[in-house]
Amino acid sequence: EGHLVESGGGSVQAGGSLRLSCTASAVTSDASDMGWYRQAPGNECELVSFISSDGNTYYSDSVKGRFTISQDNAKNTVYLQMNSLKPEDTGVYYCVAASSLAYICLSWRPQGWSGYWGQGTQVTVSS
């Protein structure tokens, strides 16, 4: 069964850095996007970043210029380098591999959509 394993969360002071990683195993070939969304108490789900199999990337406006997503195709792993962290970056980060991540924070999916979730990793940024 397909699954994702994430790591790299932790606690840092504002301005610090963390690197998240997510490794996918036995996911279907149509899971062409991999990335993260985050959820903090009292906040809406926010799609943070993802990378497509063709190398195209997406970043939320709130993280552009600070976060960089990359992939190691041989390891089926994606990385999210998070620099200049801010307290508002605090939350649980969930890695997802899916046919499309554009709708991950919405209540509906395109017909035929499929996806896999990691266990989540906590990121805490103190002021």
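Shown above is the structure to which this text applies.
Predicted model only: the values in this text are computed from it and were never measured.

Please clarify how the state of the cysteines should be interpreted in this entry.
Two cysteines, two sulfur atoms, one covalent bond between them: this is a disulfide. Per the counting criterion, the structure on display carries two disulfides. A sulfur-sulfur distance of 1.8 Å marks the disulfide that ties Cys45 to Cys105. Looking along the S-S bond of the Cys45-Cys105 disulfide, the torsion reads about -60°, which is the left-handed sense. Taken together, the positions of Cys45 in the loop between strand 4 (33-39) and strand 5 (46-52) and Cys105 in the loop between strand 9 (91-98) and strand 10 (115-117) put the pair 60 residues apart, joining distant regions of the chain. Classification of Cys105 by relative accessible area gives partly exposed; the value is 30%. For the protein chain, the disulfide bridges join cysteines in the arrangement 1-3, 2-4, where the cysteines are counted in sequence order.

What am I meant to see in unusual backbone geometry here?
Across residues other than glycine, the phi torsion is negative in most instances, and most of the peptide bonds are trans. Backbone geometry places Asn76, a non-glycine residue, at a positive phi of 50°. Topologically, Asn76 is positioned in the loop between strand 7 (67-72) and strand 8 (77-82). The backbone phi angle of Ser84 is positive, close to 50°, even though this residue is not glycine. Structurally, the position occupied by Ser84 is in the loop between strand 8 and strand 9.

Any chance you could explain the sheet that holds strand 7 here in plain terms?
Two pairing modes exist for strands in a sheet, parallel and antiparallel, and in both the strands are linked by backbone hydrogen bonds. The sheet built from four strands is open, its strands ordered 1-3-8-7 with antiparallel pairing. The sheet terminates laterally at strand 1 (3-7) and strand 7, the two strands that pair on one side only. Neighbour-to-neighbour, the strand axes of the sheet open up by a mean angle of 15°, direction not taken into account. The pairing of strand 3 (residues 18-25) with strand 8 spans six bridges and is classified as antiparallel. Each residue of the ladder has a partner; that of Thr23, found in strand 8, is Thr77.

In this structure, what is going on with the side chain of Ser21? I would like to understand it.
Note that Ser21 resides in strand 3. A polar atom in the side chain of Ser21 sits 2.8 Å from the side chain of Ser7. Apart from the residues within four sequence positions on either side, Ser21 is in contact with Val5, Glu6, Ser7, Trp36, Thr77, Val78 and Tyr79.

What's the story with the packing of aromatic side chains in this structure? I'm lost.
By convention here, two paired aromatic rings are described through the distance between centres and the angle between planes. With the rule as written, the count across this model stands at four aromatic pairs. Centre to centre, the rings of Phe50 and Tyr58 are 5.4 Å apart; their planes meet at 20°, and the pair counts as stacked. By relative accessible area, which is 12% here, Phe50 ends up buried. The ring centre of Trp113 lies 4.8 Å from the NZ or CZ of Arg109, which sits over that ring.

Is there a simple way to think about the environment of Ser49 in this case?
Locating Ser49 in the fold gives a position in strand 5. For Ser49, a relative accessible area of 0% translates into the label buried. Ser49 sits 15 residues away from Met34 along the chain, and the two C-alpha atoms are 8.5 Å apart. Only 2.9 Å separates the side chain of Ser49 from the backbone oxygen of Tyr58, close enough to count as a polar contact.

Calculation criteria
- Residues numbered from 1 in each chain as written.
- Predicted model: local features only at pLDDT ≥ 70, side-chain atom pairs only at ≥ 80, totals over all residues.
- Heavy atoms only, no water.
- Disulfide = S-S within 2.5 Å.
- Helix = DSSP H or I, 4+ residues; strand = E, 2+ residues; numbered from the N terminus.
- Buried < 20%, exposed > 50% of the residue type's maximum accessible area, 1.4 Å probe, protein only.
- Pairing = 2+ DSSP bridges.
- Axes fitted to C-alpha atoms, helices over the stretch in contact; angles between N-to-C directions.
- Polar contact = N/O pair within 3.5 Å; in protein donor to acceptor, adjacent residues only side chain to side chain.
- Contact = heavy atoms within 4.5 Å.
- Phe/Tyr/Trp six-rings, centres within 6.5 Å; stacked < 30°, edge-to-face > 60°.
- Lys NZ or Arg CZ within 6 Å of the ring centre and 35° of its normal.

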